[in-house]
Amino acid sequence: MAPITRLVLDVLKPHDPSVVPFVSQLGDLEEIDAVTATVIEVDENVKTLRVTIEGGNLEVDAIRAEIGDLSASVHSIDQVACGSRTVDDPWLG
Amino acid sequence: MAPITRLVLDVLKPHDPSVVPFVSQLGDLEEIDAVTATVIEVDENVKTLRVTIEGGNLEVDAIRAEIGDLSASVHSIDQVACGSRTVDDPWLG
Amino acid sequence: MAPITRLVLDVLKPHDPSVVPFVSQLGDLEEIDAVTATVIEVDENVKTLRVTIEGGNLEVDAIRAEIGDLSASVHSIDQVACGSRTVDDPWLG
Amino acid sequence: MAPITRLVLDVLKPHDPSVVPFVSQLGDLEEIDAVTATVIEVDENVKTLRVTIEGGNLEVDAIRAEIGDLSASVHSIDQVACGSRTVDDPWLG
Amino acid sequence: MAPITRLVLDVLKPHDPSVVPFVSQLGDLEEIDAVTATVIEVDENVKTLRVTIEGGNLEVDAIRAEIGDLSASVHSIDQVACGSRTVDDPWLG
Amino acid sequence: MAPITRLVLDVLKPHDPSVVPFVSQLGDLEEIDAVTATVIEVDENVKTLRVTIEGGNLEVDAIRAEIGDLSASVHSIDQVACGSRTVDDPWLG
Amino acid sequence: MAPITRLVLDVLKPHDPSVVPFVSQLGDLEEIDAVTATVIEVDENVKTLRVTIEGGNLEVDAIRAEIGDLSASVHSIDQVACGSRTVDDPWLG
């Protein structure tokens with residue numbers, strides 16, 4: 001299996017914990033080099049985040065479990081990249 | 001035949017396997033340097049992915065077979081590039 | 001916990017103090033390398049600012065407290081990034 | 001005559017041969033450094049491709065003949081460039 | 001207080017003095033490295049300018065006073081940046 | 001007179017000669033480094049091209065004469081640049 | 001007075017002289033490094049040009065006089081920059 005180098009996840013998160021400890025704790029997982037979470041929508045009980053994760057060999061199960069431990073859930077996956085380099089989607093620029 | 005260096009494919013995929021093992025297994029094929037899959041649409045039974053693949057000498061039959069082995073199918077081809085370097089389409093920027 | 005390297009905050013601020021001392025004082029906090037505040041909306045009593053903060057290890061509680069000391073409040077968080085490098089959200093470009 | 005360095009062609013192609021062997025065979029012509037074909041429209045019997053070709057000294061007659069041999073035809077020419085370097089159209093960016 | 005490195009001001013200016021001496025005189029203030037004024041709107045008696053000012057340690061009171069001396073006034077502040085480097089707002093690109 | 005370094009011309013051209021020999025022959029003029037012609041509109045008898053020409057010291061009369069010799073005509077001039085370097089229009093990016 | 005490094009002018013010009021000698025002669029003024037004129041509108045008797053001028057120390061009176069000598073007139077000023085470097089307007093990109 002080729003190592004996963006980028007994941008963009010749509011995450012549903014209750015308001016607690018806040019986005020900052022959520023990102024910081026996620027970024028603490030092994031193999032993660034960088035996490036950027038953009039808040040897309042705020043509802044009464046949940047926030048929708050688009051979470052971009054990059055690393056040398058991302059383990060999606062560990063990431064999903066960690067997101068679950070943080071009381072959040074992966075609603076959907078927006079983008080996945082693997083390989084010895086990361087190629088951009090020509091339609092996203 | 002000039003070596004194919006980039007393929008952008010529209011892929012229909014059942015929800016199982018998930019996008020991550022799908023990309024990782026595809027990226028494991030010989031001659032593939034990088035795969036980026038963007039989820040374009042989610043329906044009841046299938047996902048539509050735009051899959052950008054780059055490599056030194058891509059073999060489309062092997063890629064198509066691998067996609068089939070992963071229970072998915074190539075719905076259409078959006079872009080193909082070949083040559084000693086990869087040129088961008090001036091209208092896509 | 002992975003160090004936070006970028007925060008984008010939606011801040012509600014009364015007209016006094018003005019944006020300039022607000023930014024300058026915020027930028028004086030330890031661990032902050034750069035602050036850029038863009039004025040998004042001006043109402044009768046408050047301004048809405050989008051405040052981008054970058055640093056090596058941002059402490060959100062200290063930032064929130066400082067913003068409170070400056071008579072303003074964090075209305076919401078727009079983006080949070082952590083890690084050994086900062087990755088951009090592919091949908092924001 | 002100054003050497004042609006870029007051609008962007010609107011090509012009508014029957015569904016067979018597929019885009020991949022079409023691009024690969026086109027890229028095999030002498031003087032062609034790179035070919036990128038983007039699928040613009042798919043109809044019942046034909047595909048419309050925008051084909052960007054770059055090289056040191058492109059021969060349009062050989063390219064047109066090769067496209068004909070591949071059962072396709074040049075519907076129109078979108079862009080042509082020549083010279084010791086390739087300049088971009090300031091309105092296309 | 002962290003040094004201010006960029007100010008973007010909305011300035012109302014009578015037609016006299018003209019934009020050129022206005023910018024040139026403003027740029028003469030100590031600590032200012034560069035001024036760029038874009039004319040946003042022209043009315044009967046006033047022009048609205050968006051004035052971008054960069055420097056190592058901008059003094060907003062001196063800038064405001066100088067703008068007043070030039071018969072103009074700061075209508076609002078659009079952006080303020082401080083720090084050892086200048087970070088761009090991710091939503092403005 | 002400062003040397004002209006870029007010309008963007010709106011050219012009306014009958015369908016014959018085709019765009020490729022038109023560009024190639026134009027690019028053969030002395031002092032021309034690069035020509036890029038984008039087809040903007042196709043009518044029954046003529047094509048409208050936007051022709052971007054760069055060089056060290058472009059001679060517009062020679063270019064206009066050559067375009068006339070090629071049975072085409074300069075309908076209008078879209079952009080002209082001169083100087084020791086070429087500056088871009090800030091509104092075109 | 002800080003030296004002016006960029007001027008963007010809205011110029012009304014009769015059809016004669018043509019844009020090319022207009023730009024070339026303007027670019028001949030002392031202290032001008034580069035001129036780029038984009039044609040914005042063409043009316044029966046006049047053309048509207050957006051003229052971007054860069055140099056080390058632009059003299060607007062000499063430029064205005066030269067434009068007058070060329071039978072044209074400065075209708076308005078769109079942008080003015082001064083300083084030891086040229087900063088771009090963050091809203092224009």
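Calculation notes
- Residues numbered from 1 in each chain as written.
- Chains lettered and ligands numbered in written order.
- Predicted model: local features only at pLDDT ≥ 70, side-chain atom pairs only at ≥ 80, totals over all residues.
- Heavy atoms only, no water.
- Helix = DSSP H or I, 4+ residues; strand = E, 2+ residues; numbered from the N terminus.
- Rg over C-alpha atoms; globule rule 2.2 N^0.38 Å.
- Areas by Shrake-Rupley, 256 points an atom, 1.4 Å probe, with all protein chains shown as cover.
- Lys, Arg positive; Asp, Glu negative; His and termini not counted.
- Charge placed at Lys NZ, Arg CZ, Asp CG, Glu CD.
- Contact = heavy atoms within 4.5 Å.
- Salt bridge = Lys/Arg side-chain N within 4 Å of Asp/Glu carboxyl O.
- Buried area = accessible area lost by both parts, 1.4 Å probe.
- Polar contact = N/O pair within 3.5 Å; in protein donor to acceptor, adjacent residues only side chain to side chain.
- Least-squares fit on C-alpha atoms with pLDDT ≥ 70 in both.
- Pairing = 2+ DSSP bridges.
- Buried < 20%, exposed > 50% of the residue type's maximum accessible area, 1.4 Å probe, protein only.
- Arc of directions from axis to C-beta.
- Axes fitted to C-alpha atoms, helices over the stretch in contact; angles between N-to-C directions.
- Parallel < 35°, antiparallel > 145°, perpendicular 65-115°, else oblique.
- Left-handed = near helix turned anticlockwise from the far one by under 90°.
- Nonpolar A, V, L, I, M, F, W, Y, C, P; charged D, E, K, R; others polar.
- pLDDT = per-residue confidence, 0-100.
- Patch = residues over 30% accessible without salt bridge, like charges linked within 9 Å, V, L, I, M, F, W, Y side chains within 5 Å.

1. Considering the overall build of chain A
Here is step 1: What chain A contains, in helices and strands, is 2 helices and 4 strands.
Here is step 2: Ordered by position from the N terminus, the helices and strands of chain A form the series β-α-β-β-α-β.
Here is step 3: Computed over C-alpha atoms, the radius of gyration of chain A comes to 13 Å, within 12% of the 12 Å expected from 2.2 N^0.38 for 93 residues, which places it in the range of a compact globule.
Here is step 4: With the principal axes as the frame, chain A shows a C-alpha extent of 40 × 30 × 20 Å.
Here is step 5: Split by element, the accessible area of chain A, about 3,800 Å² in all, is 44% carbon and sulfur.
Here is step 6: The average position of the 6 basic charges and that of the 17 acidic charges among the side chains of chain A differ by 6 Å.

2. Digging into the arrangement of the chains
Here is step 1: Separated without contact, chain C and chain D have their nearest C-alpha atoms at a distance of 16 Å.
Here is step 2: Across all C-alpha pairs, the smallest distance from chain C to chain F is 16 Å, and the two are not in contact.

3. What to know about the pattern of salt bridges
Here is step 1: For the structure shown, the criterion picks out 35 salt bridges over all chains.
Here is step 2: Residue E54(B) pairs with R6(B) through a salt bridge whose shortest N-O separation is 2.9 Å. Placement of E54(B) in strand β3 (residues 46–58) and of R6(B) in strand β1 (residues 4–14) is noted, with a sequence separation of 48 residues between them.
Here is step 3: Residue D88(E) pairs with R6(E) through a salt bridge whose shortest N-O separation is 3.4 Å. A residue pair is termed long-range when its members are at least 10 positions apart, and D88(E) in the segment after β4 (73–83) and R6(E) in strand β1 (residues 4–14) qualify at 82 residues.

4. Digging into the interface of chain B and chain A
Here is step 1: Counting residues at the interface gives 25 residues for chain B and 21 residues for chain A.
Here is step 2: Summing the contributions of chain B and of chain A, the shared interface buries around 2,100 Å²; its carbon and sulfur component is 60%.
Here is step 3: Where chain B packs against chain A, one counts 3 salt bridges.
Here is step 4: A salt bridge links R85(A) to E54(B); its shortest N-O distance comes to 2.8 Å.
Here is step 5: Here chain B is connected to chain A by 12 residue pairs in polar contact (both at pLDDT 80 or more).
Here is step 6: Broken down by secondary-structure element, the contributors of at least two residues to the side of chain B that touches chain A are β1, α1 (19–26), β2 (32–42), β3 and β4 (73–83) of chain B.
Here is step 7: Top element by residues in the side of chain B that touches chain A is β2(B). It accounts for 7 residues.

5. With respect to the relation of the copies chain B and chain A
Here is step 1: Superposing chain B onto chain A requires a rotation of 51 degrees together with a translation of 0.0 Å along the rotation axis, leaving an RMSD of 0.0 Å.
Here is step 2: In this assembly the copies use different faces: only 12% of the residues contributing to the interface of chain B also contribute to that of chain A.

6. Points about the pairing of β2(B)
Across a regular strand the side chains alternate sides, sitting on one face of the sheet and then on the other.
Here is step 1: Across 5 bridges, strand β4 (residues 73–83) of chain A lies against β2(B) in antiparallel orientation. Bridge assignment links A81(A) to a residue of β2(B), and that residue is T36(B).
Here is step 2: Note that β2(B) and β3(B) share 9 bridges and pair antiparallel. The partner of V39(B) across the bridge, within β3(B), is L49(B).
Here is step 3: The loop that links β2(B) with its antiparallel partner β3(B) comprises 3 residues.

7. Section: helix α2 (residues 60–69) of chain G
Residue and element names in this part refer to chain G.
Here is step 1: Within α2, the full set of buried residues consists of V60, I63, E66 and I67. Projection of α2 onto a plane perpendicular to its axis shows the buried side chains occupying an angular sector of 125 degrees, all on one side. Set apart from the buried face of α2 by more than 90 degrees, the exposed residues are D61 and D69.

8. Overview of the packing of helix α1 (residues 19–26) of chain A against helix α2 (residues 60–69) of chain A
Residue and element names in this part refer to chain A.
Here is step 1: Between α1 and α2, whose axes approach to 10 Å, the crossing angle comes to 150 degrees. Classed by the angle they form, the pair α1 and α2 counts as roughly antiparallel. The two elements α1 and α2 meet at a crossing, and its hand is right-handed. The residues of α2 that touch α1, namely those facing F22, Q25 and L26, are I63, E66 and I67.
Here is step 2: Of the residues in the contact of α1 with α2, the class split is 4 nonpolar, 1 polar and 1 charged.

9. Looking at the side chain of T38(F)
Here is step 1: Relative to the helices and strands, T38(F) resides in strand β2 (residues 32–42).
Here is step 2: Of note is the side chain of T38(F), whose polar atom sits 2.8 Å from the side chain of D89(D).
Here is step 3: For T38(F), the contacting residues outside a window of four places in its chain are W91(B), D78(D), Q79(D), D89(D), L92(D), T48(F), L49(F) and R50(F).

10. Notes on unusual backbone geometry
Here is step 1: Going from D16(E) to P17(E), the amide bond is cis rather than trans, its omega being 5 degrees.
Here is step 2: By the secondary structure assignment, P17(E) is in the loop between β1 and α1 (19–26).
Here is step 3: At E31(D), a residue that is not glycine, the phi angle is positive and equals roughly 75 degrees.
Here is step 4: Among the structural elements, E31(D) can be located in the loop between α1 (19–26) and β2 (32–42).
Here is step 5: You can call E31(D) partly exposed: its relative accessible area is 35%.

11. Regarding the environment of D78(A)
Here is step 1: One can find D78(A) in strand β4.
Here is step 2: Residue classification places D78(A) among the buried positions, given a relative accessible area of 15%.
Here is step 3: Once residues within four sequence positions are removed from consideration, D78(A) is found in contact with V8(A), D10(A), R50(A), A37(B), T38(B), V39(B) and W91(C).

12. A closer look at the confidence of the model for chain A
Here is step 1: Model confidence for chain A is summarised by a mean pLDDT of 95, while 99% of its residues fall at 70 or above.
Here is step 2: Our summary of model confidence lists the complex with pTM equal to 0.88 and ipTM equal to 0.86.

13. Thoughts on a negative patch on the surface
Here is step 1: Residues E30(A), E31(A), E59(A) and D61(A) make up a contiguous surface patch of negative charge.
Here is step 2: Mapped onto the elements of the fold, D61(A) is located in helix α2.

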